[in-house]
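Descriptive analysis of the structure
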Amino acid sequence: EHPLFEQGQYDNRLYFIQSGRLELTYFDNEKKESKEVAILEKGDIAGNDTFFSFTNHTTTLTPLEDSEVCYLERHVFEKMLNDNPAIKSKLFDYCQKQKKSFLIDDKKGHVRRTHERQKVYLKGGVQRIDREGKPVGDSSGTTIVDIAVGGLCLMLRNLKFEEAANIHKSWIKITASYGEGTGEKNFTKIAKVVAVHLLPFEECTIHVEFRKPIDEELLKEITKHAAEGD
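Here goes a summary of the coordinates provided. Just so it is clear, the model here is predicted, and its values are computed rather than measured. (Residues numbered from 1 in each chain as written. Predicted model: local features only at pLDDT ≥ 70, side-chain atom pairs only at ≥ 80, totals over all residues. Heavy atoms only, no water.)

This brings us to the sheet that holds strand β7 (residues 68–73). Here three strands make up an open sheet; going across it, the order is β4-β1-β7 and the pairing antiparallel. Whereas interior strands pair on both sides, the edge strands pair on one side only; in this sheet they are β4 (45–46) and β7. In this structure, strand β1 (residues 13–19) lies alongside β7, joined through six bridges in antiparallel fashion. Among the inter-strand pairings, isoleucine 17 is bridged to a residue of β7, identified as valine 69. (Pairing = 2+ DSSP bridges. Helix = DSSP H or I, 4+ residues; strand = E, 2+ residues; numbered from the N terminus.)

Counted according to the given criterion, the structure contains seven salt bridges. In this structure, aspartate 28 and lysine 35 form a salt bridge, with 3.7 Å as the shortest nitrogen-oxygen distance. A relative accessible area of 8% places aspartate 28 in the buried class. A residue is classified by how much of its surface remains accessible, and lysine 35, at 14% relative accessible area, is buried. (Salt bridge = Lys/Arg side-chain N within 4 Å of Asp/Glu carboxyl O. Buried < 20%, exposed > 50% of the residue type's maximum accessible area, 1.4 Å probe, protein only.)

On to the packing of aromatic side chains, then. How two aromatic rings sit relative to each other is given by the distance of their centres and the angle of their planes. Scanning the model with the defined rule gives six aromatic pairs in all. Measuring from ring centre to ring centre gives 6.2 Å for tyrosine 15 and tyrosine 71, while their planes differ by 55°; the resulting arrangement is tilted. Placement of tyrosine 15 in strand β1 and of tyrosine 71 in strand β7 is noted, with a sequence separation of 56 residues between them. Their ring planes at 90° and their centres at 5.2 Å tell us that phenylalanine 51 and phenylalanine 52 sit as a pair that is edge-to-face. Like phenylalanine 51, the residue phenylalanine 52 is buried in the burial classification. By the ring-pair criterion, three or more aromatic residues cluster together here, those being Phe51, Phe52, Phe77 and Phe92. Positioned above the aromatic ring of phenylalanine 210 is the side chain of lysine 189, whose terminal nitrogen or guanidinium carbon lies 5.1 Å from the ring centre. (Phe/Tyr/Trp six-rings, centres within 6.5 Å; stacked < 30°, edge-to-face > 60°. Lys NZ or Arg CZ within 6 Å of the ring centre and 35° of its normal.)

Arg74, Phe77 and Leu81 are the residues of helix α2 (residues 74–83) that are buried. Along the long axis of α2, the arc covered by the buried residues comes to 55°, so they all point the same way. In α2, the exposed residues that point more than 90 degrees away from the buried face are Lys79, Asn82 and Asp83. (Arc of directions from axis to C-beta.)

Where burial is concerned, the two faces of strand β6 (residues 60–63) agree: the one with Thr60 and Thr62 and the one with Leu61 and Pro63 are both buried. Across four bridges, the pairing between strand β2 (residues 22–28) and β6 is antiparallel. Residue pairing across strands places leucine 22 opposite proline 63, the latter belonging to β6.

Turning our eyes to something else, we now look at the pairing of strand β3 (residues 33–40). Direction of pairing for β2 relative to β3: antiparallel, over a ladder of seven bridges. By the bridge assignment, leucine 24 is partnered in β3 with alanine 38. Hairpin remark: β2 followed by β3, antiparallel, with four residues in the connecting loop; positive phi at lysine 32, about 55°.

Inspection of the secondary structure puts glutamate 23 in strand β2. The class for glutamate 23 is partly exposed, based on a relative accessible area of 21%. Once the C-alpha coordinates of glutamate 23 and glutamate 221 are considered, the two residues, 198 residues apart in sequence, prove to be 45 Å apart. When sequence neighbours within four positions are dropped, the list of residues in contact with glutamate 23 reads Glu36, Ala38, Ile39, Thr60, Leu61, Thr62 and Leu64. (Contact = heavy atoms within 4.5 Å.)

If you walk across this open sheet you meet the three strands as β3-β2-β6, and the pairing is antiparallel. Sheet topology places β3 and β6 at the edges, where each strand pairs with a single neighbour. Strand-to-strand, the axes of this sheet are offset by a mean angle of 30°, without reference to chain direction. (Axes fitted to C-alpha atoms, helices over the stretch in contact; angles between N-to-C directions.)

Have a look at this one:
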């Protein structure tokens, strides 16, 4: 049977399993082996991660027998939102409730960064730039929620589908401050957006990869003064 989608590919469909059995698998590049993540049957949903995001599939979905699958294209969904914006949060919540439990715990492995992430809470700004570093459009306020040597994750509010599509794979300049009072310091990083995960109410998380890794000593200083909840 041919896969409906494959790990590493990109599409923007939400799949609704009507009948049959399908296998969700993940290929571990380190161990060079394929692992079963879940078996999907009637009532299950696939493609949540990419439908509400701008990122590649991290798994492969393959029918194990004759199966009936319906799908919703994102461009059709966007037209529906014009008449009823509340559908977005309702569909997101429904997909979260229907999400299948994974048979292995290390599915998070294929979205891990090479370096360990440190949870932080930093207020800052983000602005799109071209390859030469020239600004494109306006700067937006943001919150950085985790950081590592090679990249970070930040949150943006009031981001629409088309805006998320535009920022995906683009270059951005991130500025933020840490510390308090006279000890407050600033840092700036140029990074490429590698994934955009859309959330309800026009919120999203954006994962970026730094053009140049952050200095480890600077990272220690930032995380020391910007721990989540401080």
